[in-house]
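Report on the structure
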Amino acid sequence: MSHNPQATFSFITYEVDKRIAAITLNRPDKRNALNGAMVTELQQAFRQAEEDEAVKVIVLKGAGEAFCAGADLEYLKQLQSNTYEENLADSRSLMQLMQQIYYHEKVVIAQVEGHAIAGGCGLVTLCDLSYAVPGAQLGYTEVKIGFIPALVSVFLVRKIGEGRARELLLTGKLISSEKAREYGLINEVVPKAGIAGYVHQLATALCHEAAANSLKVTKQLIAGVLDMPLNEALEQAARLNAATRGHPECRRGIAAFLNKERPGW
């Protein structure tokens, strides 16, 4: 069953339509800035999408002009008076959200229609596929306020390589969506008038043209391969390959291919 529990969220919205879950950061007056409560709500929404069999693809976006401008000012003030233990618990909550997105069983697409800065750019970094409008600026500005881009650094190095990651994380500079595409941080720059349709078309194609189990296992392979020596990674790939061949979706897909039919995912 598909659920639509918008009423349970204060800082985001969650909607499901035709197997696509839209998770929208919904604090347009605060440029969708993050605070502890929003992080918790995002965890809940991503968990719900994972558990909902009606959902196959997730689109993450922001309401209003910005995608996400980073941490909320009130939240930053609160961090100043936290103990080390409180700050560690808070950091671990954000860490859990990042792990949740990175290891999510379903494909997560970022639809970036405005600036994505600091923690906001961190969210984009975690998504499987990311599309941004011209004029959007992206960057990790943490060092400029004496903070560090701690958690995102772990993922950014994997995504775009150490050299580019050092450049962005150490300078704290903002780059254009065009430059972000060149760096491999996002996949494409799409005009504002067409980005919603473009992402929806892509998400729909994934729903209809790819098997859910294949997407899940491919994501597991990509996420795990950098943590293993080459021989181990290849052995893991061989095991997953063999296991997938016995999966009902694989049998269905191959039968359809041989009969020149569409498997109808």
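We now turn to the structure provided with this report. Given the structure is predicted, the values throughout are model-derived calculations rather than measurements.

**Observations concerning the environment of Asn 187**
As for its position among the elements, Asn 187 is in the loop between α7 (177-183) and β9 (188-189). Among the residues examined, Asn 187 registers a relative accessible area of 33% and is labelled partly exposed. Measuring from C-alpha to C-alpha, the distance between Asn 187 and Gln 236 comes to 28 Å, with 49 residues separating the pair along the chain. With residues near it in sequence (within four places) discarded, Asn 187 still touches Asp 128, Leu 129, Ser 130, Tyr 131 and Arg 181.

**A look at the pattern of salt bridges**
Evaluation of the coordinates by the stated rule reveals 11 salt bridges. The closest approach of N and O atoms between Glu 167 and Arg 164, which form a salt bridge, is 4.0 Å. Placement of both Glu 167 and Arg 164 in helix α6 (residues 162-171) is noted, with a separation of three residues, approximately one turn of the helix. For Glu 167, a relative accessible area of 21% gives the class partly exposed.

**Quick look at the pairing of strand β2 (residues 20-25)**
Among the six residues that make up β2, six are buried, leaving the element largely enclosed by the rest of the structure. Along β2, one buried face is formed by Ile 20, Ala 22 and Thr 24 and the opposite face, lined by Ala 21, Ile 23 and Leu 25, is buried too. Sheet topology places strand β1 (residues 12-17) next to β2; six bridges connect them, and they run antiparallel. The partner of Val 16 across the bridge, within β2, is Ala 21.

**So, the packing of helix α1 (residues 36-51) against helix α3 (residues 84-102)**
Where α1 contacts α3, the two axes come as close as 10 Å, and the packing angle between them is 25 degrees. Here α3 runs roughly parallel to α1, going by the angle between their axes. Both α1 and α3 take part in a crossing whose hand is left-handed. Contact with α1, carried on its side by Val 39, Leu 42, Gln 43, Phe 46 and Arg 47, involves Ser 93, Leu 94, Gln 96, Leu 97, Gln 100 and Ile 101 of α3 and no other residues of that element. Broken down by class, the residue content of the contact of α1 with α3 amounts to six nonpolar, four polar and one charged.

**A word on the sheet that holds β9**
One open sheet accounts for six strands, arranged β1-β2-β3-β4-β6-β9; its pairing is mixed. The open sheet is flanked by β1 and β9, the only strands paired with a single partner. Here six bridges tie β2 to strand β3 (residues 57-62), and the two strands are oriented parallel to one another. Counterpart to Ile 20 in the pairing with β3 is Val 57.

**A few points about the sheet that holds strand β7 (residues 137-139)**
Backbone-to-backbone hydrogen bonds join strands into a sheet, with any given pair of strands oriented parallel or antiparallel. Reading across the sheet, the three strands line up as β5-β7-β8 and stay open at both edges, with mixed pairing between neighbours. Edge strands, defined here as strands with exactly one partner in the open sheet, are β5 (116-117) and β8 (174-176). As paired strands, β5 and β7 are joined by two bridges and run parallel to one another. Residue pairing for β7: Ile 117 is matched across the bridge by Gly 139.

**Some details on the packing of aromatic side chains**
In total, this model carries three aromatic pairs according to the counting rule given. Summarising the aromatic geometry, the rings of Tyr 102 and Tyr 103 are spaced 5.2 Å apart at their centres and angled 85 degrees between planes, so their arrangement reads as edge-to-face. Tyr 102 gets classed as buried once you look at its relative accessible area, which sits at 18%. Ring centres of Tyr 102 and Phe 155 lie 4.9 Å apart, and the angle between their planes is 55 degrees; on these two criteria the pair is classed as tilted. Here Tyr 102, found in helix α3, pairs with Phe 155, found in helix α5 (residues 150-160); they are 53 residues apart in sequence, far enough to count as distant.

**A few points about the side chain of His 104**
By the element assignment, His 104 lies in the loop between α3 and β4 (107-112). Taking relative accessible area as the criterion, His 104 reaches 1% and is therefore assigned buried. What His 104 contacts, discounting residues up to four positions off in sequence, is Phe 46, Ala 49, Glu 50, Ile 58, Gln 99 and Lys 219.

**A word on the nonpolar core**
Grouped together as the largest cluster of nonpolar side chains are 48 residues, with contacts concentrated most on Tyr 14, Ile 23, Leu 42, Phe 46, Leu 60 and Leu 123. In terms of residue count, the dominant contributor to this core is α1 (six residues).

**Focus on helix α9 (residues 212-225)**
The end-to-end C-alpha distance of α9, which contains 14 residues, comes to 20 Å, matching closely the 20 Å that a straight helix rising 1.5 Å per residue would cover. What α9 keeps buried is the set Asn 213, Leu 215, Val 217, Lys 219, Ala 223 and Gly 224. Looking at the buried side of α9, the elements it contacts are α3, β4, α5, α8 (192-209), α10 (230-245) and α11 (248-258).

Definitions and limits used
Per chain, residues are indexed from 1 in the order of the written sequence. Residue-level local features of this predicted model are given only where pLDDT is at least 70; pairs of side-chain atoms are given and counted only at 80 or more, and the full residue set underlies all totals for whole chains, interfaces and linings. Working from all heavy atoms in the structure, the side-chain values ignore hydrogens and water. Strands are runs of DSSP state E lasting at least 2 residues, helices are runs of H or I lasting at least 4, and numbering of each runs from the N terminus. Burial status follows relative accessibility: with a 1.4 Å probe on protein chains alone, a residue under 20% of its type maximum counts as buried, one over 50% as exposed, and anything between as partly exposed. Here, residues are in contact when the closest pair of their heavy atoms is within 4.5 Å. In the sections that follow, a salt bridge refers to a side-chain nitrogen of Lys or Arg positioned within 4 Å of a carboxyl oxygen of Asp or Glu. When DSSP finds two or more bridges between a pair of strands, those strands are recorded as paired. Between N-to-C directions, angles cover 0 to 180 degrees, with each direction set by a line fitted to C-alpha atoms, over the stretch in contact for helices. What sets the label is the angle itself: under 35 degrees gives roughly parallel, over 145 gives roughly antiparallel, 65 to 115 gives roughly perpendicular, and the rest give oblique. Two helices crossing with the near one rotated counterclockwise from the far one by less than a right angle form a left-handed crossing, whereas a clockwise rotation gives a right-handed crossing. Residues are grouped as follows: nonpolar covers Ala, Val, Leu, Ile, Met, Phe, Trp, Tyr, Cys and Pro; charged covers Asp, Glu, Lys and Arg; every other residue, Gly included, is treated as polar. Each Phe, Tyr or Trp ring (for Trp, its six-membered ring) is paired with any other whose centre lies within 6.5 Å, and the angle between the two planes then decides the class: stacked below 30 degrees, edge-to-face above 60, tilted in between. Nonpolar cores were defined as sets of buried Ala, Val, Leu, Ile, Met, Phe, Trp, Tyr and Cys residues, with membership established by side-chain atoms within 4.5 Å. To estimate how far a helix should reach, multiply one less than its number of residues by 1.5 Å.

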